[in-house]
Amino acid sequence: MKILVVGGGGREHAIIKALKKSPACGEIWCAPGNGGISCDARCKDIKATDVEAMVAFAKEEAFDYVVVAQDDPLALGMVDALAAVGIPAFGPDKAAARIEASKVFSKDLMKKYHIPTAEYETFDDPAKVMEYIRAKNKYPVVIKADGLALGKGVLICGSEEEAAAGVKEIMLDKKFGASGNKVVVEEFLTGPEVSVLSFTDGKVVKPMVSSMDHKRANDHDTGLNTGGMGTVAPNPYYTPAVARRCMEEIFLPTIAAMNAEGCPFKGCLYFGLMITPDGPKVIEYNCRFGDPETQVVLPLLESDLLTVMTACTNGTLADTEVKFRDGAAACVILASGGYPVAYEKGKPISGLTGGQLPEMADVTVYHSGTALKDGALVTAGGRVLGVTAVADTLPDALARAYEATGRIEFEKMHKRSDIGARALKALAAL
């Protein structure tokens, strides 16, 4: 099969690496891709959000299958547009992608169908937001931009002053553009967070191995919120008992709710969960693979990814095996100094051969923000590389991932030194 993957980051690189293992996978392209991805796929410089140009390219090249990996093109209806020209794709259509593209839609869905989540209210008037927050007088309080915001449109405010500043940033200063026209204000939940990506064909749900993200820029979960500084899998807080409750109370009810609303979901549905004292609750849904969760989940997948993806598209997932290997995976993100605010690009990257560390067979380097300049790799984004190791145990996976990061260099490189620390502490307590 001739395949196109839409996107250009570490998640897309991980998907491509997994797809290449399939005997049915032939020529593989990525648009726009990046410098490191070009070692594994042919790249075409088309913006992921340019639906018209992407569909025209897919038609011109006669792709057999397209994987729409990013949230923005899904929300813009790329899967619908591909279907209109007869090209099957992995991912939800525009109506189903609202489960991520609109926080208001997803929160109202959970309220209507009794899916456990935080208490909330929605607003389009900044003054009414602050009236509500003052009346509640309960901190911290969570403020979320309604639309897509690169995973950064969520503010945890510890005081009235912080809440007022957050409302100004999202609704008045329009830091996230039109995504901030409406906001969701919700109670602050406590407990360990768990990410569960799942395959679904709109009828059955087959969860992937659980993972734990690390959102803050610096050690000890300090600093600004980022797109993710590292991940580990599996997540020790996601016990078999919790998994059963999630399937019964969250996963299957969500799929049923989407069907009842006339927008069945096919593709990868990401459940961002909080294991609260009252049980698991949904923090957020994503309508696609998470980044960098994908970089630890897919390396553990033993089943053929292309077979599973096409089963989601074709509605045959019930008859398709989804199996993960025992063991663990750890991913450490190497970021540009200054990320997630201001950072420089174009810094030469040393230590890699063909974008990888071939001397470390259990390690894969996923390229998130790299480019080729005169044939050499340079930095081209905030998150530059995701260094993932797979091992029989989490301590071994973390040790190998960090050993690998020590072999890679670029000017002002930044990484957290405590990825997996919370997970190791949880394992020790079991």
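The protein is annotated in an unreviewed UniProt entry as Phosphoribosylamine--glycine ligase of Candidatus Faecalibacterium intestinavium. Its UniProt record, at the heading Sequence similarities (unreviewed entry), says of the protein: "Belongs to the GARS family."

Visitor: I'm lost on the overall build of the protein in this one. Help?
Guide: The number of helices and strands found in the protein is 13 helices and 23 strands. A globule of 430 residues ought to have a C-alpha radius of gyration of about 22 Å, and the protein, at 21 Å, matches this closely. Overall, the protein is about 60 × 45 × 45 Å in size when its C-alpha atoms are taken along their principal axes. For the protein, with 430 residues in total, the buried portion stands at 56%. Long-range contacts, defined as pairs at least 24 residues apart, comprise 68% of the intrachain contacts of the protein with a sequence gap of at least 6. Total accessible area computed for the protein in this model is approximately 17200 Å², and 52% of it derives from carbon and sulfur atoms.

Visitor: Hey, could you run me through the nonpolar core in this one?
Guide: A general tendency of soluble globular proteins is for nonpolar side chains to be buried together. Counting 47 residues, the largest nonpolar core has L4, V66, L82, I99, F251 and L273 as the members making the most contacts within it. For this core, the element with the most residues is helix α9 (residues 240-260), which contributes 7 residues. Setting aside residues no more than four positions away along its own chain, L273 makes contact with P192, E193, V194, V196, Y238, C246, I250, F251, K281, V282 and I283. In terms of nonpolar packing, the next biggest core, distinct from the first, is built from 43 residues, A233, L305, V308 and M309 among them.

Visitor: Before we go on, may I ask you to explain the side chain of N286 in this structure?
Guide: Note on placement: N286 falls in strand β17 (residues 279-286). Once you skip the residues sitting within four places of it in the chain, N286 turns out to touch E100, C268, L269 and Y270.

Visitor: Mind showing me how you'd approach a nonpolar patch on the surface here?
Guide: A contiguous nonpolar patch, built from L424, L427 and L430 and spanning about 280 Å² of accessible area, is present on the exposed surface. Following the sequence through the fold, L427 ends up in helix α13 (residues 421-429). Residue L427 is classed as partly exposed on the basis of its relative accessible area, which comes to 36%.

Visitor: Just checking my understanding: could you explain the sheet that holds strand β6 (residues 120-123) for this structure?
Guide: Within a sheet, each strand pairs with its neighbour through backbone hydrogen bonds, oriented either parallel or antiparallel. In space, the 4 strands of this open sheet follow the order β6-β9-β7-β8, with antiparallel pairing throughout. The strands lining the two open edges of the sheet, one partner per strand, are β6 and β8 (154-157). Between one strand axis and the next, the sheet turns by 20 degrees as a mean value, whatever way the strands run. Note that strand β7 (residues 141-145) and strand β9 (residues 183-187) share 5 bridges and pair antiparallel.

Rules of the game
- Residues numbered from 1 in each chain as written.
- Predicted model: local features only at pLDDT ≥ 70, side-chain atom pairs only at ≥ 80, totals over all residues.
- Heavy atoms only, no water.
- UniProt positions renumbered as here; feature names shortened; annotations may be inferred.
- Helix = DSSP H or I, 4+ residues; strand = E, 2+ residues; numbered from the N terminus.
- Rg over C-alpha atoms; globule rule 2.2 N^0.38 Å.
- Buried < 20%, exposed > 50% of the residue type's maximum accessible area, 1.4 Å probe, protein only.
- Contact = heavy atoms within 4.5 Å.
- Areas by Shrake-Rupley, 256 points an atom, 1.4 Å probe, with all protein chains shown as cover.
- Core = buried A, V, L, I, M, F, W, Y, C linked by side-chain atoms within 4.5 Å.
- Patch = residues over 30% accessible without salt bridge, like charges linked within 9 Å, V, L, I, M, F, W, Y side chains within 5 Å.
- Salt bridge = Lys/Arg side-chain N within 4 Å of Asp/Glu carboxyl O.
- Pairing = 2+ DSSP bridges.
- Axes fitted to C-alpha atoms, helices over the stretch in contact; angles between N-to-C directions.

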